[in-house]
Amino acid sequence: MPMNDPEEAQRLIRLKRYESPGEAYYASFLDEFKERQRSEMLRLSARDLLFERVAMWLEESGGAKRFVPVGAMAAAAVGAGLYFATASPNRPAPETYVAAPVADLGGAEIVPSVEAAEDEIHLQLPRQPVHATGFVGQPSPGGSLVPASVRGGLREL
Amino acid sequence: MEREHPLAVMPEADRSLPSTSPTATAATPAPSAPVAEDGIAGAFPRRPDPDAELVERARDGDTRAFDELVEKYTPKLYGLVYHMTSNREDTNDILQEVFAKAYRALKRFRGKSAFYTWIYSIATNMTLNFLKKRNRRRTMSLDDVDLAIEHDRDFIEATSKSDPVREANISELQQKLNEAMQKLSVDHRTVVTMFDIQAMPHAEIAKILGISEGTVRSRLFYAHRQLQAWLGDFRK
């Protein structure tokens, strides 16, 4: 016969309250609890206890939730800082910077481009003495005419 | 030691067992009963925590006071954990951990809720965490059934009908009930344990689980329908 009324199922489930470990269990539970507590105190390190208490505090007081708005504000502040930092090159340059003539090219006042700047770069090597053998550079120590950097290679040959 | 029924620590007005239908609230609006400070509806002011003195003494370092709390709440919390796990060894381990955790956290117990609610929340959370970690359903390890069941009105009524339940022995019935409980989802099993077996009011369940009363009623409704189907097979 199928069960038509959910209350019948409820009545059957309620019978589970008659399941019991017995009075002897409850009588010895406290002793076991004390025994376990003593052994746990010896086993747990101070760090474990601290960790557990912090975790419990976060769990019970919703401590993690408290940090959400603070974290969000911090993230917003960092974001805003980054935005303004990256946006600064687009701002108009100071008047003195634009107006200052850098190079006079036919009377136009322009800021020199990178190419123009490259044109003006001239690599100048320091003047070095020219020896009678045609070598340019410092004479190698020991009076040899072969430069020091080449000498090792010659020895291998 | 005479065990105290879970209802014994609840306010009198909380002991009614309203309908479990999720539509019950809408269909029969509750009278405008004052709502107590702790959120439990009923025509009663918030009663002082009956455990306040023991808790205070325990917080001051009186270990005997905490022992009294352990003795008082062991049967109630045992029932909660056992009916959710259907395993007596697991229940014992979890219960030991619950009291150990409560002892360590007692200094931070502010008394915003009753000690009863607070320690029930600890036990429920620890059991739920345990059940989440327990991947496979473990073999059931069941307690003995008190023979007083034979005098229970529901048992007599259920077994007096012309169906096989009458012929089934008690342990077979126990096995079937526990199997049905373990088939339920953890959330449904929790509310069935609290409401049907431990006779806790909706408001108290909602408070302990941190959900609305509507959610409690809804979970009970669907859990009862499932139980009806599974236990109905038993009666064919």
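Residues numbered from 1 in each chain as written. Chains lettered and ligands numbered in written order. Predicted model: local features only at pLDDT ≥ 70, side-chain atom pairs only at ≥ 80, totals over all residues. Heavy atoms only, no water.

Q: Any chance you could break down the packing of helix α3 (residues 63-85) of chain B against helix α5 (residues 115-133) of chain B for me, citing the residues and the numbers?
A: All names here are of chain B. Packing of α3 against α5 leaves a shortest axis separation of 10 Å and a crossing angle of 35°. α5 is crossed by α3, and the crossing has right-handed handedness. The residues of α5 that touch α3, namely those facing L69, Y73, K76, L77, L80, V81, M84 and T85, are F115, Y116, I119, Y120, A123, T124, T127, L128, F130 and L131. (Axes fitted to C-alpha atoms, helices over the stretch in contact; angles between N-to-C directions. Helix = DSSP H or I, 4+ residues; strand = E, 2+ residues; numbered from the N terminus. Left-handed = near helix turned anticlockwise from the far one by under 90°. Contact = heavy atoms within 4.5 Å.)

Q: Talk me through the interface of chain B and chain A; I want residue IDs and the actual numbers.
A: Contacts between the two partners involve 56 residues from chain B and, on the opposite side, 37 residues from chain A. A combined buried area of about 4,700 Å² lies between chain B and chain A, and 58% of that area is made up of carbon and sulfur atoms. The largest contributions to the chain B side of the interface with chain A come from Q96, R104 and Q228 of chain B, which together make up 15% of the buried area. Remark: the boundary between chain B and chain A carries three salt bridges. D67 of chain B serves as the salt-bridge partner of K34 of chain A, at 3.0 Å between the closest nitrogen and oxygen. (Buried area = accessible area lost by both parts, 1.4 Å probe. Salt bridge = Lys/Arg side-chain N within 4 Å of Asp/Glu carboxyl O.)

Q: Hey, could you go over the packing of aromatic side chains for me, with residue numbers and the actual values?
A: Applying the stated criterion across every chain yields a total of 17 aromatic pairs over all chains. Put simply, the rings of Y25, Y26, F29 and F33 of chain A together with F66, Y78, Y82, F99 and Y103 of chain B touch in pairs and so form one group of aromatic residues. Taking NZ or CZ as reference, K76 of chain B lies 5.5 Å from the ring centre of Y73 of chain B, over its face. (Phe/Tyr/Trp six-rings, centres within 6.5 Å; stacked < 30°, edge-to-face > 60°. Lys NZ or Arg CZ within 6 Å of the ring centre and 35° of its normal.)

Q: Can you explain unusual backbone geometry? Please cite residues and give values.
A: Residues and elements named next belong to chain B. Look at S86: it is not a glycine, yet its phi comes out positive at around 55°. Structurally, the position occupied by S86 is in the loop between α3 and α4 (88-105). The class of S86 is buried, set by a relative accessible area of 0%. A positive phi is found at A199, a non-glycine position, where the angle reads about 55°. With respect to the element layout, A199 can be found in the loop between α9 (186-197) and α10 (202-209). (Buried < 20%, exposed > 50% of the residue type's maximum accessible area, 1.4 Å probe, protein only.)

Q: Which residues make up the nonpolar core, and what are the values?
A: All names here are of chain B. In this structure, L77, F99, F115, W118 and L227 are the most contacted members of the largest nonpolar core, which totals 70 residues. For this core, the element with the highest residue contribution is α3, accounting for 11 residues. Those residues in contact with L77 that lie beyond four places of it in its chain are L95, V98, F99, I119, Y120 and A123. (Core = buried A, V, L, I, M, F, W, Y, C linked by side-chain atoms within 4.5 Å.)

Q: I'd like a rundown of helix α2 (residues 23-43) of chain A, residues and numbers included.
A: End to end, α2 of chain A covers 31 Å across 21 residues, agreeing with the expected 30 Å (1.5 Å per residue, within 8%). A maximum bend of about 35° is found in α2 of chain A at F29 of chain A. Every buried residue of α2 of chain A is accounted for by Y25, Y26, F29, L30, F33 and E40 of chain A. Where α2 of chain A is buried, its residues touch β1 (19-20) of chain A together with α3 and α4 of chain B. (Expected span 1.5 Å × (residues − 1). Bend = angle between axes of the 7 residues up to and from the residue.)

Limitation: the analysis is restricted to geometry and does not speak to function.
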